[in-house]
Structure formats: C-alpha cells, structure tokens
Amino acid sequence: ARDTLRLEAGLPLHGHDIGPETTPIEAQLAFAIARSRRLDGAKAGGFPGAEVILQQLAHGVRRKLIGLLSPESIPIRPPAAIIDALDQDVGIVTSGTVSPTLGNPILLAYVDSQALTAETALSARVRDKRPLVMRTKLPFVPKRYRR
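Scoring rules and cut-offs
- Residues numbered from 1 in each chain as written.
- Predicted model: local features only at pLDDT ≥ 70, side-chain atom pairs only at ≥ 80, totals over all residues.
- Heavy atoms only, no water.
- Helix = DSSP H or I, 4+ residues; strand = E, 2+ residues; numbered from the N terminus.
- Buried < 20%, exposed > 50% of the residue type's maximum accessible area, 1.4 Å probe, protein only.
- Salt bridge = Lys/Arg side-chain N within 4 Å of Asp/Glu carboxyl O.
- Phe/Tyr/Trp six-rings, centres within 6.5 Å; stacked < 30°, edge-to-face > 60°.
- Lys NZ or Arg CZ within 6 Å of the ring centre and 35° of its normal.
- Lys, Arg positive; Asp, Glu negative; His and termini not counted.
- Polar contact = N/O pair within 3.5 Å; in protein donor to acceptor, adjacent residues only side chain to side chain.
- Contact = heavy atoms within 4.5 Å.
- Core = buried A, V, L, I, M, F, W, Y, C linked by side-chain atoms within 4.5 Å.
- 1 Å grid on protein atoms, 1.4 Å probe; cavity = no way out; pocket = protein on both sides within 12 Å on 5 of 7 lines; lining within 4 Å.
- Points joined across faces, edges and corners; volume = space filled by probe spheres on them.
- Nonpolar A, V, L, I, M, F, W, Y, C, P; charged D, E, K, R; others polar.

Which residues make up the environment of R62, and what values go with them?
Here R62 is to be found in the loop between helix 2 (50-59) and strand 1 (63-69). Among the residues examined, R62 registers a relative accessible area of 60% and is labelled exposed. Between the C-alpha atom of R62 and that of Q114, which follows or precedes it by 52 residues, the distance is 7.7 Å.

Have a look at this one:
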C-alpha cells in the first residue's frame, strides 16, 4: 500500500527511480537546488556534483523521469521498455502499478528527451503486448488536504 500511495503522489523511490547514477535534473528534482547555488546565484556551485548538475541545468539532459498513464488494463512494471511508434526503445520503466484510485496503470519511467519533444505515440513492451502510454503531469492523484 505504501508503494502505491507514493507512486500515486508521483514521488520517486531511491533505488528504483533515483540513485547514485541519476542527477536531480534527470529526476525532475531541480527545485531541491537552492537558487543561490545556481549559475546566476550569489554562491554558485559549491555542492557535490555541481559541475555536472549546473551544466545540465543550462543545456538540458539526455533523459528525464516522467509520469505515464495507460488507458489499458495491462499492469506495466519495471523493467518494461518504453518504445516509440517505430518499435525502438526510448526509455525504461522504473516504477509501475495499477492505481486503485484511478483504476488504470500508472508508471514512472526514464525517457529520452528527444522522444518527448516529438509528438509520437509511446507504448510499453510487456511480454508480447504493446499497451499505449500517455505522458501526464505529476502527481497522478492530486492532493486533497489543506495545510
């Protein structure tokens, strides 16, 4: 239940969606880098990995962690491949489940940035099936609490 709730909230899990091989920019976590530490900030850099991260902020990344939703009832779990209309691998699923709230499969996946700019249809490769997946904003389920 905890994994389903965190996925519905669009939160990445260390060891699945984020880890030592990913950067905050790839994982869509740039908000965690203080404005003062960015290139135009008062104290630019000065944190582990600053060279790579600041370069990615300025020039973009090769891949991004995005939320995907499938209208089909086939569960899509890691490490399923995300493919484009030409059946070429453009990404990989890092977390996925069927959302009890939405009733559809939801997943987090790293997808090539070039595949995201094109208006091509994406699918997942699940055994011999190719369920359609659509990019969606995170969180999958909007929060309903007040502070």
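Requested: an account of the pattern of salt bridges, with residues and values cited.
Pairs can form between side chains of opposite charge once their charged atoms are near each other. Overall, the coordinates contain eight salt bridges when judged by the stated rule. With a shortest N-O distance of 3.5 Å, D87 and R130 are connected by a salt bridge. Of this pair, D87 sits in the loop between strand 2 (81-83) and strand 3 (89-98) while R130 sits in the loop between strand 5 (122-125) and strand 6 (132-136); the two residues are 43 residues apart in sequence, bridging distant segments of the chain. Under the relative-accessibility criterion, R130 is labelled partly exposed at 38%. A cluster of three or more residues bridged by salt bridges with shared partners is formed by D87, D89, R125 and R130.

Tell me about the packing of aromatic side chains, and please be specific about residues and values.
One pass over the structure, following the stated rule, counts zero aromatic pairs. Taking NZ or CZ as reference, R63 lies 4.0 Å from the ring centre of Y110, over its face.

Any details on the side chain of E8? Residues and values, ideally.
Along the polypeptide, E8 turns up in helix 1 (residues 2-8). Despite being buried, E8 has no salt bridge partner; R144 is the closest side chain of opposite charge, sitting 6.7 Å away. Looking at E8, its side chain comes within polar contact range of the side chain of S99, at 2.5 Å. If we ignore the near neighbours within four places in the chain, the residues touching E8 are S99, P100, T101, I106, P139, F140 and V141.

Lay out the nonpolar core in plain terms, naming residues and giving numbers.
Counting 17 residues, the largest nonpolar core has I76, I82, L107, V111 and V133 as its most contacted members. If you list the elements that add at least two residues to this core, you get strand 1, strand 3, strand 4 (105-112), helix 3 (113-117) and strand 5. Broken down by element, the residue count for this core peaks at three residues, all from strand 4. If you look at the next biggest cluster of nonpolar residues, it comprises eight residues, including I18, L65, Y110 and F140.

Describe the layout of surface pockets, with residues and values.
Here the largest pocket is characterised by a volume of approximately 280 Å³. Around the largest pocket, the lining is made up of 17 residues, and of these G10, A27, Q28, L65 and L138 lie nearest the centre. When residues of the lining of the largest pocket are assigned to their parent elements, the largest contribution, three residues, is made by strand 1. The residue inventory of the lining of the largest pocket, partitioned by class, reads 11 nonpolar, four polar and two charged. Roughly 210 Å³ of internal volume is contained in the second largest pocket. Lining the second largest pocket are L5, E8, A9, T101, P139, V141, P142, K143, R144 and Y145.

Keep in mind that these numbers describe shape and distance, not what the molecule does.
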